[in-house]
Amino acid sequence: MAAEQDNRKLWRPEWKRDVVYLHVFPRENAKCLPNFSPYAMKLEMWLRLNDIPYVVIDHSGFSRKRQNPFILFNEEEIPDTNFIIEMLSAYFNKEIYPDASSELRAVGRSFLKMVEENTAWTIYWYRYVHHLPEYMKYVKFHDDEEMNEKAGKDLGKYVDCTLFAVLTQITCVPLDFPMMKVIREECPNLLDYIERLKVKCWPHWDDQKI
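Residue numbers restart at each chain and count upward from 1, following the sequence in its written direction. Only residues with pLDDT of at least 70 are given local features in this predicted model, and only at 80 or more are side-chain atom pairs given and counted; all residues enter the totals for whole chains, interfaces and linings. Each side-chain value is derived from all of the structure's non-hydrogen atoms; neither hydrogens nor water enter the calculation.

What follows deals with the packing of aromatic side chains. The criterion for an aromatic pair is that two Phe, Tyr or Trp rings (for Trp, the six-membered ring) have centres within 6.5 Å, with stacked assigned to planes under 30 degrees apart, edge-to-face to planes over 60 apart and tilted to the rest. Under the counting rule described, the total for this entry stands at eight aromatic pairs. When the ring of Phe25 is compared with that of Phe36, the centres are 5.6 Å apart and the planes differ by 25°; the resulting orientation is stacked. Taken together, the residues span a long stretch of sequence, with Phe25 in the loop between strand 1 (20–24) and helix 2 (38–49) and Phe36 in the loop between strand 1 and helix 2 at a distance of eleven residues. The burial state of Phe25 is the same as that of Phe36; both residues are buried. Arranged with centres 5.1 Å apart and planes meeting at 75°, the rings of Tyr91 and Phe92 form a pair that is edge-to-face. Helix and strand labels come from DSSP, where a helix needs a run of H or I of at least four residues and a strand needs a run of E of at least two; each type is numbered from the N terminus. Throughout, exposure labels follow a simple rule: accessible area from a 1.4 Å probe, protein chains only, divided by the maximum for the residue type, with under 20% read as buried, over 50% as exposed, and the rest as partly exposed.

Definition used in this section: a nonpolar core is a set of buried Ala, Val, Leu, Ile, Met, Phe, Trp, Tyr and Cys residues joined via side-chain atoms within 4.5 Å. Within the largest apolar cluster, 48 residues are counted, with the highest numbers of intra-cluster contacts made by Met45, Ile71, Leu88, Phe164 and Phe177. Of all the secondary structure elements, the ones that give two or more residues to this core are strand 1, helix 2, strand 3 (70–73), helix 3 (81–91), helix 4 (102–130), helix 7 (157–171), helix 8 (178–186) and helix 9 (189–201). For this core, the element with the most residues is helix 7, which contributes nine residues. Note on contacts: a residue pair is in contact if any heavy atoms of the two residues lie within 4.5 Å. Sequence-distant contacts of Met45, that is, excluding residues within four places in its chain, are made with Asp160, Cys161, Phe164, Leu197, Cys201 and Trp202. In terms of nonpolar packing, the next biggest core, distinct from the first, is built from seven residues, Trp11, Val19, Tyr21 and Ile57 among them.

Listed below in structure tokens is the structure:
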């Protein structure tokens, strides 16, 4: 109950209707990519590709459902990236799988399940369980005082955002992920795919404030 009340206070009087206030772990905590959370990257990329107005709010806390990222939208707190995308798609009249056949929609949903429920968890296991000390070299931290001061077109944009957000956690973090060897040797087209999306959606990749 306390967490819910605290998050309601996050809404500011100057914030506008129909603007998404995207709360994510602070960007500056990640050294190699815009955010160490693939879910935060996926959601922000989807907002960019669909031209939905949004503002990034660096936020180390969680939603009332203990999730990060989450959004504040028209004074309502909404967690869960997949639910957020579905809700905003309906609100702004955006197709999740535009002009896709039922077969391609099924393929797209399969990709989402595979990447978010399998690939992502192997990344977490590798970097947090087996290589945590090494991985922490690529995460920025601040002392308490600083923290208090800062307190694939055919399958649709949705799938592109999900694949890109998860794959860059492998390709852009200089750990010796076993999956990287597979990507280089057996799926080099994925590297081209990542680079194309990076240029298109994240032209200021190295500038964490953009």
